[in-house]
Amino acid sequence: ACGGGTIGEGPEGGQPNKNLVLIPGVKGEPFYISMECGAKKEAAKLGYQLTVQAPDRFEASQQTPIVTGVLATRPGAVLIAPTDDRAMINPMRQVKDAGIHVVEVDTTVTDPSISVSKISSDNEVGGRKAAETLAKLIGERGSVLVLNTKAGTSTTDARARGFEEAIKRYPNITYLGQEYTDNEPARAAQIVSGKLSAHPDLAGVFATNLNTGEGAATGLRNAGRTGEVKLVGFDASPKQVEELRTGGVDALIAQDPAVIGQQGVQQAVAAIEGRPAVPQIQTDLVAITKEDMEKQSRYFYRTEC
Amino acid sequence: MTEERTGKAVAPASTVDNNVDRMLPQRTLWQRLVTANTFWTGLVLIGLYVVFSVLRPNAFPTLFNFQTLLIEASVLLVLAVGMTFVIITAGIDLSVGSVLVFSGVVAAMVMEGLHGGDATHAGWGTILLGFVLSLAAGAAWGLLNGVLVAVARVPPLIVTLGSFGAALGAAQLLTGGVDVRTVPTALRNTIGFGQTMQIPHLVVVAAVVTLFAAWLLHTTRFGRYTYAIGSNAEAARRAGIAVTRHLVMVYGFVGLLAGLAGFMNLAYFGTTTISGHATDNLNAIAATVLGGTSLFGGVGSVLGTVIGVFIPAVLQKGFVILGVQPFWQPIAVSIVLVAAVWFDQTRRRARERGR
Amino acid sequence: MTEERTGKAVAPASTVDNNVDRMLPQRTLWQRLVTANTFWTGLVLIGLYVVFSVLRPNAFPTLFNFQTLLIEASVLLVLAVGMTFVIITAGIDLSVGSVLVFSGVVAAMVMEGLHGGDATHAGWGTILLGFVLSLAAGAAWGLLNGVLVAVARVPPLIVTLGSFGAALGAAQLLTGGVDVRTVPTALRNTIGFGQTMQIPHLVVVAAVVTLFAAWLLHTTRFGRYTYAIGSNAEAARRAGIAVTRHLVMVYGFVGLLAGLAGFMNLAYFGTTTISGHATDNLNAIAATVLGGTSLFGGVGSVLGTVIGVFIPAVLQKGFVILGVQPFWQPIAVSIVLVAAVWFDQTRRRARERGR
Amino acid sequence: MGALLEARNVVKHYGSVEALRGASFEVRAGEVVALIGDNGAGKSTLVKCLSGVEQPDSGEILLDGRRVRLDSPTRARALGIETVYQDLAVAPDLDPAANLFLGRELRRRGLFGWLGMVDKAEMRRRAAEQFQRLGVRVQSLDVPIGSLSGGQRQGVAVTRAVVWANRVVFMDEPTAALGVVQRERVLEVIRRVRDSGIAVVLISHNMPEVQAVADRVEVLRLGRRVARFRAADVTLEELVGAMTGALHQEDAA
Amino acid sequence: MGALLEARNVVKHYGSVEALRGASFEVRAGEVVALIGDNGAGKSTLVKCLSGVEQPDSGEILLDGRRVRLDSPTRARALGIETVYQDLAVAPDLDPAANLFLGRELRRRGLFGWLGMVDKAEMRRRAAEQFQRLGVRVQSLDVPIGSLSGGQRQGVAVTRAVVWANRVVFMDEPTAALGVVQRERVLEVIRRVRDSGIAVVLISHNMPEVQAVADRVEVLRLGRRVARFRAADVTLEELVGAMTGALHQEDAA
Ligand SMILES: Nc1ncnc2c1ncn2[C@@H]1O[C@H](COP(=O)(O)OP(=O)(O)OP(=O)(O)O)[C@@H](O)[C@H]1O
Ligand SMILES: Nc1ncnc2c1ncn2[C@@H]1O[C@H](COP(=O)(O)OP(=O)(O)OP(=O)(O)O)[C@@H](O)[C@H]1O
Ligand SMILES: [Mg+2]
Ligand SMILES: [Mg+2]
């Protein structure tokens, strides 16, 4: 790093700071890996260097030390998926105050003044899309269940909220509410089989992330109700796409992480090089079913670049 | 005080009143049952089952529900059985969940690698190799734990907290953090979801492991040494027991079982579920302690652990079926857990007081 | 064998060779330092700091980095200091993270409630009330733990595993699982990230708590009873120590500190971070054990715990600054943890052997 | 002169084991009573019942002729009853001084003391003094007593009981692990304590020792008192006979 | 006749404590040697060094005149050396039979035995027999020995050592907690073991007992051997004198 007071503008040596850091919400999720791939590709194209530092879990207390640690290395810009829309404000502001450009990717904080650009997909919209897709799959009747991860996880809570809002518009669908799984597939499977016992008319399940989706698929399979009870998952990691292909899952709500990463780098570079950045960019969210999966294959997440 | 008289001999009573016969009589089965540490916890389990059955006669006491209860507890049971051994040696193993993930990842990646990136249609040769590798990977972590605990004498909590982080990190490093996505269909259909006469195969595996572990712990020299070391490691050493080697073996055995659990998990979920085992360790420890095994070592039983695994499982299942509000569920589970152990302790103390 | 001779008196050597003077001399400061259990772990910490400073002289040994290291460790430090007390009594507290969340939630909700749903502009009266409630909520859970452990005699692991689930459940129940997100700005700006002469206020709070705890543990009767109970609870009871009451107080104290930590957490993050404290318990326990406190009770120090908190903190920060690949980080942290404790144990054993 | 401390028909079960089946016992101020009996006769159990550690299932305990409930060791200590337990009951991780003052720490003067701070230096000093007085050898006051020899540990436990007692001292095999010199010293201490008007109850399997120091002997067998003797009149054969059941006094129970 | 087991100039430190400062010791086959000394003299430490539990810092150990390294208790046991430790070293959660056979479990016959299954019934039976033979009273073979009285536990430990020894038995204060009858029995056992040609080393603070059973006496003081006596010739005064340092034999070390 080149240190110094005014970083990123590169006036001193005329050389802009070509180091970018991406701080995803959690390490090792295909969603963020795809984002990383998009970002890395774009950074390479523009002649920049991108490193990644991710917390172990999707938690503000885990992400904060990473942000301050990254700040100490003084990169030109930070792309971050804040894990909490309030708790991350302060560390992110410290980054900004140190003269480092901040770009929010995927999620945002409530303080709009920190980042030069926000590139996000709306999880609540995703939840609504899931409700509509699931309603269609079950012929708009029967009981449906939401499997959430841990209470207080902003992204999955938003998905569940969107789903709940939209599903209530269908008069013949009974909404059984959401159950929390602590992000453990085993717990998800346990809940699904329990709900099958208690509600034989269970028609559909919306699983808000990868682990709940895998657990739900297993629970249904175990009960021999795969395909009969419709399952909508979130994200299109290779495993989930595989399940979609083999019928374990009936639909997926996918975001476009690669584009988020790509756009994020573009905006960060723009800011570093003194060009105006686009303050707000919304990216696509799509529902993928088995029928149209080939058409939508560009949305499938990647596991390596 | 009354005037004392010098005593006079009244009877030539034998000076030794113990004899072999008096010492030998075995207690009756019923006596042994009631004084068994697991009796009262077992009653709690049965009580819970009955209560839920009465509350939801159509949904709870069904064959399907019984089967899924067993299946869903299988993986945890295998972990908890291993945990029982370590805790009896006065140790602990926080790494089981991560070792499970690591073993599953190793097996899945090798199976995938052998079939050019898609193991879905792999045959039994591949599956067997995956199985062996899974066990080996688990045992390797376990032995590493054991060496650090017994030879380097680092406290087990620190050692296994270390491998808890390191095994998960290694699994993520191998996979890039992404679940391996293809698992042989043959494996899933036989071990994962197969049944024979309504008995799920996954349950058979867990039952065989449990019976073997019970046999090992309660009837063999290996088991006896496990108790002796937990009871007084120095005494065990002085009695000529190779304490270091035995501890390494115990941790290795737990690792092996975690490896097996990883393979079962793979067969069941059809994926490695990398991020889904953060609390397996606490669940297994809770089951073990709930089953009457003392964290200070020397005391415990496999049967107790089985009961300890099923009490929370029955509770959670029952609450889902009853439709208890989600946030109430952990509260209720916690209350019942503490109450069950409290009840058990009270009974034991009363028994010791002879009432 | 040589012919034996009957001994003959050679000297009227006093039969008592001990005297008050011989027993009394205090060891020198240096002797006490080197034999202190924390000396070598402390060296490890300093060593790590030096290594990272050498590797990244521009980024690591900066005032900013030092400050953030301290700030980010503050909350965990308060938890770990409390944990030291329980572990010295041979107990354990798995509930600290959940109690932290619960206390924060109670404080935040009350503050919000008093200001019609938005506490952002609340004044000091409200903040003080929130503070007191936070402490009270923490202490209440702690006392509940203590009563179940000491009076009902349920093993601490089970009790606190129960309140780990129940306190989090209760917090979720209160909030509907959604973080309370308005926290008085005055609170955030003073305690949360206020500084006085480059010293962050959050760090001041943690330091005061730590010093108080060190004083309490090492110089008062309360501390001495804590050691005595962990060393031999029955002996303590027979010596007339009110073991039950003392244990309740110790767990209550830990709960109180967890409540304080909840309030600090609130001030720092400005939200209740409900989902973010699942592993605080293990982190606090690891820090305590890393600092030389024995899980079997009777041994430990607050200074050790401070060192135990900072070793992982420095490591993690250092790895981020070095840009170590994320999946390698937990592996490296684990290795250093185990190595540090191993090194410490080896030194201690060598010392005990007198070499 | 009446008994200072008296137990009547004390019964105590451990599970199915009947440790005491109606044991009686008495000791007067200023006398040394030896409580003897075979292994497992219930001596330690009786001591525990009389020092508040265990609660008898039935029977009564009288101090100065009045019924008392010794529901905790604290209560017994408050009444001036101190005990050297057979299993010593020391805190192995604490140093000898801390063990000597356990539960009775000296506080500092003034504010600090009021805050609960203990006066370590003063306790060390007084402990050294007391160990010196009783001839207990401790090579260092800074080591945890868990690393002392068995005899040294026993010395600490005896010192603790003797220093604090003001009515009755129970000593459950206090000399079992002691060297010849230390044993003599403890017996001397016992006599000295007795002479200061305190009642001493000595449990021992060493008959010469019993005969040397005791004023009276009470014999327990299978949880009951089976004989009482004046030490001056009794022979070794009678003592052994009573312990083994060969000899029986009708009115002893 | 040469010594069966001999220690020469054994030095052992614990931290800054010098437990043994060049201690020597010897015992011949078929004799009872009493090892006596003040508390903290280093007797137990010497025993631990000679049974493989502790490794001396320097010095040599000879068995049958040949140097041996007793690097583990297993090694010592394999050479026929058994020990009753002062702290007993039993597993409190196991029952008496399991403790008696600890490390030497009987296996079942046939396949089961080959698989490592232990023969509990047979061990129980033989344990009962041995306890009977040595007069150790255990009210039940089903309780963990942690709940037995101190004397009962000591009985189990003595039985264990005696049953397995075939060359040397160390007994570190084996009678400390025993009743008069049990003590007599242990002394009888010691004589019987001696008569079978095994060397017995008895550590005791009870001089009458030492004089009654020992053939020779070796005295340790401050970690060194300071005197050796033939038991028949020695008086109590001489023994005490040697232990306290009042009496010194020049050639003893
Ligand atoms: N905690 C306990 N649990 C079960 N049984 C016990 C317990 N304590 C003592 N006993 C039993 O009660 C009986 C009396 O024991 P006690 O310790 O009082 O004997 P004692 O006379 O002190 O013997 P010793 O001379 O060996 O010390 C014994 O049979 C013993 O096994
Ligand atoms: N593990 C240990 N750590 C530190 N010091 C020890 C240890 N074991 C023994 N010592 C010390 O070594 C010395 C000799 O102890 P040892 O136990 O051998 O004496 P002993 O002759 O057996 O005494 P006793 O008659 O009291 O049993 C004592 O000063 C003791 O404090
Ligand atoms: Mg006794
Ligand atoms: Mg000794």
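Here the structure is a predicted model, which is why all the values come from computation and not from measurement.

Where do I start with the overall build of chain A in this structure?
Each helix and strand in chain A was counted, giving nine helices and twelve strands. The C-alpha radius of gyration of chain A comes to 20 Å, within 12% of the 19 Å expected for a compact globule of 305 residues. Principal axes of the C-alpha set define a box for chain A whose edges measure 70 × 35 × 30 Å. Across the 305 residues in chain A, those meeting the buried criterion constitute 67%. In chain A, the share of contacts with a sequence separation of at least 24, taken over all contacts with a separation of at least 6, comes to 72%. A total of about 10,100 Å² of accessible surface is found on chain A, and carbon and sulfur atoms cover 47% of it. When the 32 basic and 37 acidic side-chain charges of chain A are each reduced to a single mean position, those positions are 2 Å apart.

Honestly, the coordination of the magnesium ion (ligand 4) in this entry has me stumped. Any pointers?
Think of it this way: four donors in a tetrahedron around the metal ideally sit 109.5 degrees apart, and six in an octahedron ideally sit 90 or 180 degrees apart. Residues and elements named next belong to chain E. Coordination sphere of the magnesium ion (ligand 4), protein contribution only: S44 (OG) and Q86 (OE1), at 1.9 to 2.0 Å. With a gap of 42 residues between them, S44 in helix α1 (residues 43–50) and Q86 in the loop between β6 (81–84) and α3 (96–100) connect regions that are remote in the sequence. For S44, a relative accessible area of 19% puts it in the buried group.

How should the interface of chain B and chain C be read in this particular structure?
Where interface size is quoted, it is often the accessible area lost as the parts come together. Contacts between the two partners involve 40 residues from chain B, matched on the other side by 41 residues from chain C. Approximately 3,400 Å² of surface area, both sides summed, lies buried where chain B meets chain C, with 82% of it carried by carbon and sulfur atoms. The largest share of the area that chain B buries against chain C comes from I158, L173 and F327 of chain B, three residues that together contribute 18% of it. Between the two partners, chain B and chain C, sit zero salt bridges. Where chain B packs against chain C, one counts four residue pairs in polar contact (both at pLDDT 80 or more).

Sorry if this is basic, but what is going on with the relation of the copies chain B and chain C here?
The operation relating the pair of chain copies consists of a rotation about an axis and a translation along that axis. Between chain B and chain C, the superposition needs a rotation of 180 degrees and an axial shift of 0.0 Å, giving an RMSD of 0.1 Å. Taken together, the rotation angle and the small translation identify this as a two-fold axis. Taking C-alpha positions as the reference, the residue of chain B nearest the rotation axis is F296 of chain B, at 4.0 Å. Of all interface residues in chain B, 100% are interface residues in chain C too; the two copies therefore contact each other through one and the same surface.

I keep staring at the interface of chain C and chain A and nothing clicks. Help me out?
Counting from both sides, the interface comprises 34 residues of chain C and, opposite them, 32 residues of chain A. The contact between chain C and chain A buries some 2,600 Å² in all, and 53% of this surface belongs to carbon and sulfur atoms. In this assembly, chain C and chain A are joined by zero salt bridges. Here chain C is connected to chain A by nine residue pairs in polar contact (both at pLDDT 80 or more). Mapped by element, the contributors of at least two residues to the side of chain C that touches chain A are α4 (63–88), α12 (243–269), α14 (302–322) and α15 (328–352) of chain C. The class makeup of the residues in the side of chain C that touches chain A is 15 nonpolar, 14 polar and five charged.

Just checking my understanding: could you explain the site of ligand 1 for this structure?
Taken together, 20 residues form the shell around ligand 1, and within it N39, G40, K43, S44 and T45 of chain D come nearest. Neighbouring residues of ligand 1 are not confined to a single chain but are spread across chains D and E. At a separation of 2.8 Å, an oxygen atom of ligand 1 approaches a polar side-chain atom of N39 of chain D. Here an oxygen atom of ligand 1 sits 2.7 Å away from a polar atom, N or O, in the side chain of S44 of chain D. Contact with the protein chains removes 85% of the 640 Å² of surface that ligand 1 exposes when unbound. At the level of elements, β2 (17–27) and α1 (43–50) of chain D together with α6 (150–164) of chain E are the ones that each hand at least two residues to the shell around ligand 1. When residues in the shell around ligand 1 are grouped by element, the largest group, three residues, is from α1 of chain D. The residue inventory of the shell around ligand 1, partitioned by class, reads five nonpolar, twelve polar and three charged.

Looking at this model, I keep getting lost on the packing of helix α6 (residues 124–151) of chain C against helix α7 (residues 156–175) of chain C. Mind explaining?
Packed helices, taken two at a time, are described by the angle between their axes plus the distance between the axes. Residues and elements named next belong to chain C. α7 packs onto α6 with a crossing angle of 150 degrees between their chain directions and a minimal axis gap of 10 Å. The angle between the axes of α6 and α7 places the two elements in the roughly antiparallel class. Judged by the twist between their axes, the crossing of α6 over α7 is right-handed. Mapping the contact onto sequence places W141, N145, L148 and V149 in α6 and P156, V159, T160, S163, A166, A167 and A170 in α7. Looking at the contact of α6 with α7 residue by residue, the class counts come to eight nonpolar, three polar and no charged.

Cut-off values and rules
Every chain is numbered on its own, with residues counted from 1 as its sequence reads. The naming scheme follows written order: chains are lettered A onward, ligands numbered 1 onward. With pLDDT at 70 or above as the cut-off, local features in this predicted model cover only qualifying residues; side-chain atom pairs require 80 or more to be listed or tallied, and sums for whole chains, interfaces and linings still use all residues. Computation of side-chain values: all heavy atoms of the structure, hydrogens and water removed. A helix here means a DSSP run of H or I that spans at least four residues, while a strand means a run of E at least two residues long, and both kinds are numbered starting from the N terminus. We compute the radius of gyration from the C-alpha atoms alone; for a globule the expected value is 2.2 Å times N to the 0.38, where N is the number of residues. Partly exposed residues are those whose accessible area sits between 20% and 50% of the maximum for their type, while under 20% is buried and over 50% is exposed, using a 1.4 Å probe and protein chains only. We call two residues contacting when some pair of their heavy atoms lies within 4.5 Å. To be clear on the numbers: accessible area is Shrake-Rupley with a 1.4 Å probe, and residue cover counts the displayed protein chains and nothing else. The positive count covers Lys and Arg only, the negative count covers Asp and Glu only, and His and the chain ends enter neither. Note on charges: their place is set at NZ of Lys, CZ of Arg, CG of Asp or CD of Glu. Listed donor atoms are N, O and S within 2.8 Å of the metal (Na, K and Ca: 3.2 Å). As water is not included, a site may look incomplete. What gets called buried area is simply the loss in accessible area from a 1.4 Å probe that two parts show on being joined, summed for both. Salt bridges are identified by distance alone: a Lys or Arg side-chain nitrogen within 4 Å of an Asp or Glu carboxyl oxygen. Each polar contact in these results corresponds to two N or O atoms within 3.5 Å; when the atoms are within protein, one needs to be able to donate a hydrogen and the other to accept it, and residues that are neighboring in sequence are counted only if both atoms are side-chain atoms. When the copies are overlaid, the least-squares fit takes in C-alpha atoms only where the residue has pLDDT of at least 70 in both copies. Just so you know the grouping, Ala, Val, Leu, Ile, Met, Phe, Trp, Tyr, Cys and Pro go in nonpolar, Asp, Glu, Lys and Arg go in charged, and all remaining residues, Gly too, go in polar. Any residue with a non-hydrogen atom lying within 4 Å of a molecule or strand is treated as near it. To obtain an axis, a line is fitted to C-alpha atoms, over the contacting stretch when the element is a helix, and the angle between two such axes runs from 0 to 180 degrees between their N-to-C directions. If an angle is under 35 degrees, it is roughly parallel; if it is over 145, roughly antiparallel; if it lies from 65 to 115, roughly perpendicular; otherwise it is oblique. In this scheme, a crossing is called left-handed if the near helix is turned counterclockwise away from the far one by less than a right angle; it is called right-handed if the turn is clockwise.

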